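# Chain and residue survey
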There are 2 protein chains.
Amino acid sequence: MTIGILGGGQLGRMIALAGIPLGLSFRFLDPAPDAPAAAVGELIVGDFNHAPTLRRFANGLDAVTFEFENVPVAALERLAALGLEVYPNANSLRTAQDRLLEKQLFERVGLRVPAYAPVDSQHELDATISTIGLPAVLKTRRMGYDGKGQLVLRRKTDIHSAVATLAPTAARGNSPAALILEQFITFEREVSLIAVAGKDGSRAFYPLTENVHREGILRTSRAPAAGVSNLVRTRAQAAVGKIIDTLGYIGTLAVEFFVHDGQLLANEMAPRVHNSGHWTIDAAVTSQFENHLRAVLGWPLGDTSLRSPCVMHNLIGDAPPLDKMLGVEGAHVHLYGKASRPGRKVGHVTCLHAGPPRAPDTTQAAARAIDRLILRSQA
Amino acid sequence: MTIGILGGGQLGRMIALAGIPLGLSFRFLDPAPDAPAAAVGELIVGDFNHAPTLRRFANGLDAVTFEFENVPVAALERLAALGLEVYPNANSLRTAQDRLLEKQLFERVGLRVPAYAPVDSQHELDATISTIGLPAVLKTRRMGYDGKGQLVLRRKTDIHSAVATLAPTAARGNSPAALILEQFITFEREVSLIAVAGKDGSRAFYPLTENVHREGILRTSRAPAAGVSNLVRTRAQAAVGKIIDTLGYIGTLAVEFFVHDGQLLANEMAPRVHNSGHWTIDAAVTSQFENHLRAVLGWPLGDTSLRSPCVMHNLIGDAPPLDKMLGVEGAHVHLYGKASRPGRKVGHVTCLHAGPPRAPDTTQAAARAIDRLILRSQA
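About the cut-offs
Residues numbered from 1 in each chain as written. Chains lettered and ligands numbered in written order. Predicted model: local features only at pLDDT ≥ 70, side-chain atom pairs only at ≥ 80, totals over all residues. Heavy atoms only, no water. Contact = heavy atoms within 4.5 Å. Buried area = accessible area lost by both parts, 1.4 Å probe. Salt bridge = Lys/Arg side-chain N within 4 Å of Asp/Glu carboxyl O. Helix = DSSP H or I, 4+ residues; strand = E, 2+ residues; numbered from the N terminus. Nonpolar A, V, L, I, M, F, W, Y, C, P; charged D, E, K, R; others polar. Least-squares fit on C-alpha atoms with pLDDT ≥ 70 in both. Expected span 1.5 Å × (residues − 1). Buried < 20%, exposed > 50% of the residue type's maximum accessible area, 1.4 Å probe, protein only. Pairing = 2+ DSSP bridges. Axes fitted to C-alpha atoms, helices over the stretch in contact; angles between N-to-C directions. Core = buried A, V, L, I, M, F, W, Y, C linked by side-chain atoms within 4.5 Å. Polar contact = N/O pair within 3.5 Å; in protein donor to acceptor, adjacent residues only side chain to side chain. Disulfide = S-S within 2.5 Å. Phe/Tyr/Trp six-rings, centres within 6.5 Å; stacked < 30°, edge-to-face > 60°. Parallel < 35°, antiparallel > 145°, perpendicular 65-115°, else oblique. pLDDT = per-residue confidence, 0-100.

With that out of the way, let us pick up the interface of chain A and chain B. Of the residues lining the interface, 37 residues belong to chain A; the matching set on chain B comes to 38 residues. With both chains or domains summed, chain A and chain B bury close to 3,000 Å², and 57% of this area falls on carbon and sulfur atoms. Among the residues chain A hides against chain B, the three largest losses belong to Pro-21, Arg-307 and Leu-326 of chain A. Together they make up 21% of the total. Taken together, the connections running from chain A to chain B amount to zero salt bridges. By residue number, the principal contributor to the side of chain A that touches chain B is strand 16 (residues 331-335) of chain A, which donates five residues. The residue makeup of the side of chain A that touches chain B, split by class, is 20 nonpolar, nine polar and eight charged.

Turning our eyes to something else, we now look at the relation of the copies chain A and chain B. Each of the two chain copies goes to the other by way of a rotation about an axis and a shift along it. With an RMSD of 0.0 Å, the operation that places chain A on chain B is a rotation of 180° combined with a shift of 0.0 Å along the axis. In symmetry terms, the pair is related by a two-fold rotation axis. Every residue of chain A has its C-alpha some distance from the rotation axis, and the shortest such distance is that of Val-40 of chain A, at 2.7 Å. Interface overlap between copies is the fraction of interface residues in one copy that are interface residues in the other; for chain A against chain B it reaches 100%, indicating a shared surface.

Residues that lie three or four places apart on an α-helix share one face, since the helix turns once every 3.6 residues. Residues and elements named next belong to chain A. Taking 1.5 Å per residue, 18 residues should reach 26 Å; helix 9 (residues 230-247) reaches 26 Å between its end C-alpha atoms and fits that length. Buried-residue contacts for helix 9 involve helix 4 (90-97), helix 5 (99-108), strand 9 (189-197), strand 10 (203-205), strand 13 (251-260) and strand 14 (263-270). Directly after helix 9, the chain includes Gly-248, whose backbone phi takes a positive value near 65°.

Moving on: the pairing of strand 9 of chain A. Residue and element names in this part refer to chain A. Summarising burial for strand 9: eight of the nine residues are buried, a large majority. Pairing geometry for strand 9 and strand 13, over nine bridges, is antiparallel. Each bridged residue has a counterpart across the sheet, and for Val-196 the counterpart in strand 13 is Thr-252. Here strand 9 pairs with strand 11 (residues 209-214) via three bridges, running antiparallel.

Residues and elements named next belong to chain A. With respect to topology, four strands assemble into an open sheet ordered 3-2-1-4, the strand pairing being parallel. A strand with exactly one partner marks an edge of an open sheet, and here the two such strands are strand 3 (42-45) and strand 4 (63-66). Averaged over all pairs of adjacent strands, the angle between their axes in this sheet comes to 25°, without regard to strand direction. Relative to strand 2 (residues 25-30), strand 1 (residues 2-6) runs parallel, the two sharing five bridges. Bridge pairing links Leu-6 to Leu-29 in strand 2. Running at roughly 170° to strand 2, helix 1 (residues 10-19) makes contact with strand 1 and strand 2 of the sheet. This element, helix 2 (residues 51-58), spans strand 1, strand 2, strand 3 and strand 4 of the sheet and lies at about 170° to strand 2.

With that settled, consider the nonpolar core. Among the nonpolar cores identified, the biggest contains 122 residues, and Phe-26 of chain A together with Phe-26 of chain B are the most heavily contacted of them. Other than its neighbours up to four places away in sequence, Phe-26 of chain A contacts Thr-2, Ile-3, Ile-5, Ile-15, Ala-16, Gly-19, Ile-20, Val-40, Gly-41, Glu-42 and Leu-293 of chain A.

A few words on the environment of Tyr-116 of chain A. Residue and element names in this part refer to chain A. Mapped onto the elements, Tyr-116 comes out in strand 5 (residues 116-119). Tyr-116 gets classed as buried once you look at its relative accessible area, which sits at 19%. Tyr-116 sits 99 residues away from Leu-17 along the chain, and the two C-alpha atoms are 39 Å apart. Those residues within four positions of Tyr-116 in sequence are excluded, and the remaining contacts are Leu-100, Lys-103, Gln-104, Glu-107, Ile-132, Ile-180, Leu-181 and Glu-182. Here the side chain of Tyr-116 touches Glu-107 through a polar contact of 2.6 Å, side chain to side chain.

Another point: the state of the cysteines. A covalent bond between the sulfur atoms of two cysteines is what we call a disulfide. The full count for this structure, using the stated rule, is zero disulfides over all chains. For the unlinked cysteine Cys-351 of chain A, the closest cysteine sulfur is that of Cys-310 of chain A, found at 8.9 Å.

Moving on, we come to the side chain of Gln-10 of chain B. All names here are of chain B. Topologically, Gln-10 is positioned in helix 1 (residues 10-19). In this structure Gln-10 comes out as buried when scored by relative accessible area, which is 11%. Each residue touching Gln-10, except ones within four places of it in the same chain, is listed here: Pro-36, Glu-67, Tyr-336, Lys-338 and Lys-345.

Residues and elements named next belong to chain A. Under the defined criterion, the tally for this structure stands at six aromatic pairs over all chains. Ring centres 6.4 Å apart and planes at 20° place the aromatic pair Phe-26 and Phe-28 in the stacked group. Just as Phe-26 is buried, Phe-28 falls in that class too. Ring centres of Phe-187 and Phe-258 lie 4.9 Å apart, and the angle between their planes is 15°; this geometry places the pair in the stacked category. Highlighted residues: Phe-187 in the loop between strand 8 (179-183) and strand 9 and Phe-258 in strand 13, separated in sequence by 71 residues.

Enumeration according to the criterion identifies 26 salt bridges over all chains in this entry. In this structure, the salt-bridge partner of Lys-139 of chain A is Glu-182 of chain A, at a minimum N-O distance of 3.0 Å. With Lys-139 of chain A in strand 6 (residues 136-140) and Glu-182 of chain A in strand 8, this residue pair connects regions lying 43 residues apart in the sequence. In this structure Glu-182 of chain A comes out as buried when scored by relative accessible area, which is 2%. Here Glu-85 of chain B makes a salt bridge to Lys-199 of chain B, at a shortest N to O gap of 3.2 Å. On the criterion of sequence distance, the pair formed by Glu-85 of chain B in the loop between helix 3 (73-81) and helix 4 (90-97) and Lys-199 of chain B in the loop between strand 9 (189-197) and strand 10 (203-205) is long-range, its members being 114 residues apart. Take Glu-85 of chain B: its relative accessible area is 37%, and that puts it in the partly exposed class. Through salt bridges that share partners, Lys-103, Lys-139 and Glu-182 of chain A make up one connected network.

Our next topic: the sheet that holds strand 7 (residues 150-153) of chain A. Residue and element names in this part refer to chain A. One open sheet accounts for four strands, arranged 5-8-6-7; its pairing is antiparallel. Since the sheet does not close on itself, it has two edges, and those belong to strand 5 and strand 7, each with one partner. Direction aside, the axes of adjacent strands within the sheet are offset by 20° on average. The pairing of strand 6 with strand 7 spans four bridges and is classified as antiparallel. What sits directly across from Lys-139, in strand 7, is Gln-150. Seen against the sheet, helix 6 (residues 122-132) touches strand 5, strand 6, strand 7 and strand 8 and runs at an angle of roughly 170° to strand 5.

This next bit is on the packing of helix 4 of chain A against helix 5 of chain A. All names here are of chain A. Relative orientation of the contacting elements helix 4 and helix 5 amounts to 105°, with a least axis distance of 5 Å. In terms of axis orientation, helix 4 runs roughly perpendicular to helix 5. In contact with Arg-94, Thr-95, Ala-96 and Gln-97 of helix 4, helix 5 contributes Arg-99, Leu-101, Glu-102 and Leu-105. Broken down by class, the residue content of the contact of helix 4 with helix 5 amounts to three nonpolar, two polar and three charged.

Per-residue confidence for chain A gives a mean pLDDT of 94, with 97% of residues at or over 70. Interface confidence in the predicted complex, given as ipTM, is 0.94; pTM for the same model is 0.95.

Encoded structure:
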């Protein structure tokens, strides 16, 4: 069977690395000729909006999914119109691409969210600030990722040019000033819940992951997350289950939360495998990548239990020397085959216990050693 | 970096699946255009003995290894003469390809072996039987694998045509009747020791694996192996360390033993990653495939500890339905992308504990469930 993936980045690469052992073949569509997934399948270089390219991509595929949430919804609709099974569906992608629709869905399924309001002009922004107050975060409704397309407004002077600053990004979302203002949340920690929804209605949830961002980019994830009660976790799972029901969602779905006073506030969702779930390759019984494929293909979902606690560090901009990283016992290195560039995710390292299972846990020592290598490489 | 691998079978495919996350690229040379490794690298279809093909294969490689022990030693020598680093070295391959040289090396490093003698004619066979006795096993010195190229001699009537029967296989080894007669060992169990030898003299050993063969083909491996004392294991490691020293061996090396009266008798070695180490993908801290690459590239070896006990079942001839196998929790399925054919290894399944680590171990239940699926598919 050949699976088509829209987007050929590291997420596509890792989906294929999980799927090749299941006997699957992969075809990717990506505008970049050096897309990381080219190492593990056929790469068609082209535009997601170009109908003949989509037809060429579609030819002979058994199913289609995507690894990048900014692919055009129209591409999914065109592929579905060609008779292909496309998961997650177009409506799930449309909702996840728009922070306003996303927040409205979160509220509908009973998740708490920070106060928010849509903002379409500088005039509306001024008015909205007066109800939501400062600090606040102004975000483009669409096309944001890794902290791009957002501004924190702390003082009145930050407000004046905010709409103009974000207008170019907002315009890429095809709606000149489609913005959203959100209350700035002072949180104790950020966590994410990664769910998998099968075709037969089956559900699976990975243990909550605790995430640390810097400059809008995920730096470190830890599983399991600390400081969230079983009750809060169970409620979050139930709400995410309702999102899945509402959207008719199939595949892996990530929802990010702020933890504030022990309660979860939903921040955003990603209709795909997620960076905060990369640890599942090395430390869960079944990875998020394999489970995404199982879901999309209608196969039974795999067990999502944690095999051992772990810490994942992202490699941002540049990677420390590989032999140094491999010298850290229990460090599992994943490079994406990407050239170095500031702010770019070029790999990740999952740190686990090494040595016999009953020996004292070495996870934290490995995580500290990798962290030191990262700091040194960026000094 | 691009690594060249002679042979494009499932072992090459799994080496690449371990190496792509380390940022490596792969090129394979194999006579078969449908070689399983084509999914994970560039495949050059051609003959190992063809010098222009070897030069094309060699162009731009950073290192060379092999995944099939019947590649011609001359191919390794030619590649080394082109200035490439080739590991394991040609002498290691030459020794492992010849059951006589292999047995002599085992004895030299202090390993016990079954009684044996080289046999070059029917006349010599008759004479040798009188010292070694029956039952005995007559094997070709070269080109045997998966039980091919050997005959068990139980009765006097088995002896008469034995040399003639094996002559065609022996001839593929370029020596018309190069055979070896070995004492038939009634063993309690078979185990294998997988070692990794780094360029800097570092050594690592995986836990002993217990293996069950049927019709000369590995069916099931269990790690850790039962019934071998720490002392016996430590001595085996020391002896394998001496093999590594003697050969100047670099890479992953497997040695198979019979267990007889609690003692190990060395049977044969494979100068490569080994089927009885496939479980290391899912159940060791570092897999044999990743460690082979670390060794060949001069990187630090990874921890070889068992993360959890496991059972590996080979899929021989045909695989049970994939969705049925994936429905067994804790079953990790590895298919090689090969067409079904009697006696052919088309995949393997590693069974591990699923569910939280502290829950009752489900490994054996998963292994039994997969075994039932295999039996049903072969009924």
